[in-house]
Amino acid sequence: MPTLPFDFLFSQGSLQDYADCPRRFQLRYLLELAWPAVAAEPADEFEARVAQGEAFHRMAHQQVLDIRYATDALPLPEPLATWWANYFNRPPANLPAVRHPEMTLSAPLGEHRLVAKYDLIAVDPGRRAVIVDWKTSEKRPKAAWLVARFQTRVYRYLLVRAGAHLNGDAALRPEQITMVYWFANFPEDPERLPYDATQYAADEVRLSSLIAEIAGLDDDGFPLTGDLKRCLFCPYRSLCNRGAEAGELGAEDEDAVAAEEMRAAEPLTEFDFEQVAEVAF
Ligand code: SF4
C-alpha cells in the first residue's frame, strides 16, 4: 500500500531530499521525525550561521516592503552587517521594478501538487520575470551544482505554470524567466540561470515522474542512500547508524555544507495548504 497522504504537497526541499536519500524523505516528511543531532560541527557556529541567514532573509523581505532598518542606531553583528552592506551596495543588477517578496505559488502535477516559496519575484509584466534567491552560505556553490538542484528546476517550472497573475494574466513563457542566485558573501558573483522551452519540457517530465515514483512506494520503498558522504551532514545519522559525529564546517564537501545550511532554515513539515496564496487549478 502506498504511504503518501493524498494531500501531500511536494516542494523543492522534499524532492531534493528524496533524490539525495529516500530514507531521509521518509523520516522527514512521512514520519515527520525531529531528530536532535546537529547537522555540522562546530554546532554553535552552524546554528549561528543559520540564524543569521534567517535574519538576513527577514530583513530583505521587509526592505522590499519598505520597512527600513536604522542600522546606524542598531549595529548588526558580523557577518550580518557585511551581508546587509553588500545587499545595498551590490544588489542583483537589472531587476524589473515590480517586486513580489516571499511569494508562494502552487500547481497540480499528476495526482499531487507542487508548491514553492520564493524569496523574490521581480516582474516586468508582459516582458520578463526574474526569480531571486538570497544565499548566505559561506562558500559559493558551483554553477553546475546549482543547475542540478531541485530548487532551480521547481522554481522556474512553477513560475511558468502558476505565475500568470503576476504577468497581466498571461502565462510567462520559459524564455521570459531567469533565476538569479545572489550570494551575500559574493555579491559580485551572482549566478544567472536563464530558462527555455526545452528545459521546461525536461523539468515537467522529471518532476512528474519523480512524484509518481514516490507516490507509488510503500513503507519499505525508502532505502538508505549508498552515498555515505550525504550522511555526514544529516541530522538522522545516529538513527541510521551512519555515525554519531557531524561533518565539520569548511570540510572538503563544500556543497554539502551549503545544502545543509539551506535545509536547516526550512520547516520540518510540508507547507500548510492554507498558506498557499496563489493556486493554479
Ligand atoms: S543518515 Fe544517511 S541514510 Fe540516514 S537519512 Fe540521513 S542521509 Fe539518509
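Parameters at a glance
As a convention, each chain's residues are numbered from 1 in the sequence order in which they are written. The predicted origin of the model limits local features to residues at a pLDDT of at least 70 and limits the giving and counting of side-chain atom pairs to 80 or more, whereas totals for whole chains, interfaces and linings rest on all residues. The secondary structure listing takes helices from DSSP runs of H or I that are at least 4 residues long and strands from runs of E that are at least 2 residues long, numbered from the N terminus. Exposure criterion: with C-beta atoms placed from backbone coordinates, a residue whose C-beta has 20 or more other C-beta atoms within 10 Å is buried, one with 12 or fewer is exposed, and one in between is partly exposed. Definition of nonpolar core: a set of buried Ala, Val, Leu, Ile, Met, Phe, Trp, Tyr and Cys residues joined via C-beta atoms within 7 Å. Contact between residues is assigned whenever the C-beta positions, reconstructed from backbone atoms, fall within 7 Å. Using a C-beta atom placed from the backbone for every residue, we mark a residue as near a molecule or strand if that atom lies within 6 Å of it. Under the scheme applied, nonpolar residues are Ala, Val, Leu, Ile, Met, Phe, Trp, Tyr, Cys and Pro; charged residues are Asp, Glu, Lys and Arg; polar residues are all the others, including Gly. A helix is expected to span 1.5 Å multiplied by its residue count minus one. A fitted line through C-alpha atoms represents every axis, and for helices the fit uses only the stretch in contact; the resulting angles, taken between N-to-C directions, go from 0 to 180 degrees. Note on convention: the crossing is left-handed when the near helix lies turned anticlockwise from the far helix by less than a right angle, right-handed when the turn is clockwise. Only strands that DSSP links by at least two bridges are regarded as paired with each other. Just so you know how the angles are binned, under 35 degrees is roughly parallel, over 145 roughly antiparallel, 65 to 115 roughly perpendicular, and the rest oblique. One number per residue, pLDDT, summarises how confident the predictor is, and it ranges from 0 to 100.

Enquirer: Explain the overall build of the chain to me, please; I cannot follow it from the model alone.
Expert: What the chain contains, in helices and strands, is 8 helices and 9 strands. Taking all 281 residues of the chain together, the buried fraction comes to 33%.

Enquirer: Is there a simple way to think about the nonpolar core in this case?
Expert: Within soluble globular proteins, side chains that are nonpolar generally end up buried alongside one another. In terms of nonpolar packing, the biggest core is built from 42 residues, with Ile121, Ala129, Ile131, Val154, Leu158 and Leu159 touching the most fellow members. Counting residues per element, this core draws most heavily on helix α6 (residues 150-162), at 8 residues. Those residues in contact with Ile121 that lie beyond four places of it in its chain are His100, Met103, Ala129, Ile131, Leu159 and Leu166.

Enquirer: Can you walk me through the site of the ligand in this structure?
Expert: For the ligand, the set of nearby residues contains 13 residues, the closest of which are Cys21, Leu224, Cys231, Cys234 and Cys240. The residue inventory of the shell around the ligand, partitioned by class, reads 7 nonpolar, 1 polar and 5 charged.

Enquirer: For this particular structure, what's the right way to read α6?
Expert: Helical geometry note: an α-helix holds 3.6 residues per turn, so side chains three or four residues apart project in the same direction. Look at α6: 17 Å from first C-alpha to last across 13 residues, which is about the 18 Å you get at 1.5 Å a residue. Counting buried residues in α6 gives 13 out of 13 residues, a clear majority hidden from the surface.

Enquirer: I'm lost on the packing of helix α1 (residues 12-20) against α6 in this one. Help?
Expert: Helix-helix packing: each pair is described by the crossing angle between the helix axes and the interaxial distance. Where α1 contacts α6, the two axes come as close as 9 Å, and the packing angle between them is 145 degrees. The two elements α1 and α6 cross, and the hand of that crossing is right-handed. Facing Gln12, Leu15, Gln16 and Ala19 of α1, the residues of α6 in contact are Phe150, Gln151, Val154 and Tyr155. Grouping the amino acids of the contact of α1 with α6 by side-chain chemistry returns 5 nonpolar, 3 polar and no charged.

Enquirer: Teacher, can you tell me more about the environment of Asp124 here?
Expert: With respect to the helices and strands, the residue Asp124 is situated in strand β4 (residues 112-124). If near-sequence neighbours (up to four positions away) are discounted, Asp124 is found in contact with Pro96 and Val98.

Enquirer: Teacher, can you tell me more about the pairing of strand β7 (residues 186-194) here?
Expert: Each regular strand carries side chains that alternate between the two faces of the sheet. Pairing between strand β6 (residues 177-183) and β7: 5 bridges, direction antiparallel. In the strand pairing of β7, Val180 is matched with Arg192. Counting the residues between successive antiparallel strands, the hairpin from β6 to β7 contains 2 residues.

Enquirer: Looking at this structure, I do not really get the pairing of β6. What am I missing?
Expert: Within β6, 5 of the 7 residues are buried, which leaves it mostly tucked inside the rest of the structure. Pairing analysis gives 7 bridges linking strand β5 (residues 128-135) to β6, with the strands arranged parallel. Across the sheet, Lys135 pairs through a bridge with Phe183, a residue of β6.

Enquirer: Any chance you could explain the packing of α1 against helix α2 (residues 22-30) here in plain terms?
Expert: Interaxial distance between α1 and α2 falls to 5 Å at its minimum, and their mutual angle equals 140 degrees. By the angle between their directions, the pair α1 and α2 is classed as oblique. Facing Ser14, Asp17, Tyr18 and Asp20 of α1, the residues of α2 in contact are Pro22, Arg24, Phe25, Arg28 and Tyr29. The residue inventory of the contact of α1 with α2, partitioned by class, reads 4 nonpolar, 1 polar and 4 charged.

Enquirer: Would you explain unusual backbone geometry in this entry?
Expert: Negative phi is the rule for most residues except glycine; trans is the rule for most peptide bonds. For the peptide bond that leads from Glu78 to Pro79, omega is 10 degrees, which places it in the cis range. One can find Pro79 in the loop between α3 (43-64) and α4 (80-89). One non-glycine residue with positive phi stands out, namely Asn94, at about 60 degrees. Relative to the helices and strands, Asn94 resides in the loop between α4 and β3 (98-109). The backbone phi angle of Asp169 is positive, close to 65 degrees, even though this residue is not glycine. Tracing the backbone through its elements, the reader meets Asp169 in the loop between α6 and β6. On the basis of neighbour counts, which here come to 8 C-beta atoms within 10 Å, the residue Asp169 falls in the exposed class.

Enquirer: For this particular structure, what's the right way to read the environment of His100?
Expert: Take His100: it is sitting in strand β3. Between the alpha carbons of His100 and Asp119 there is a distance of 8.4 Å; along the sequence they are 19 residues apart. If we ignore the near neighbours within four places in the chain, the residues touching His100 are Leu120, Ile121, Val123 and Leu166.

Enquirer: Explain α2 here, please?
Expert: Within α2, 7 of the 9 residues are buried, leaving the element largely enclosed by the surrounding structure. Listed as buried for α2 are Arg23, Arg24, Phe25, Gln26, Leu27, Arg28 and Tyr29. Once α2 ends, the next one or two residues include Glu32, with phi positive near 50 degrees.

Enquirer: Is there a simple way to think about the confidence of the model for the chain in this case?
Expert: The predicted coordinates ought not to be read in detail in places where the model reports low pLDDT. Per-residue pLDDT for the chain has a mean of 86; in total, 80% of the residues score no lower than 70. For the stretch residues 267-281, pLDDT sits under 50, and the model shows 30 contacts to residues farther than four places along the chain or on other chains.

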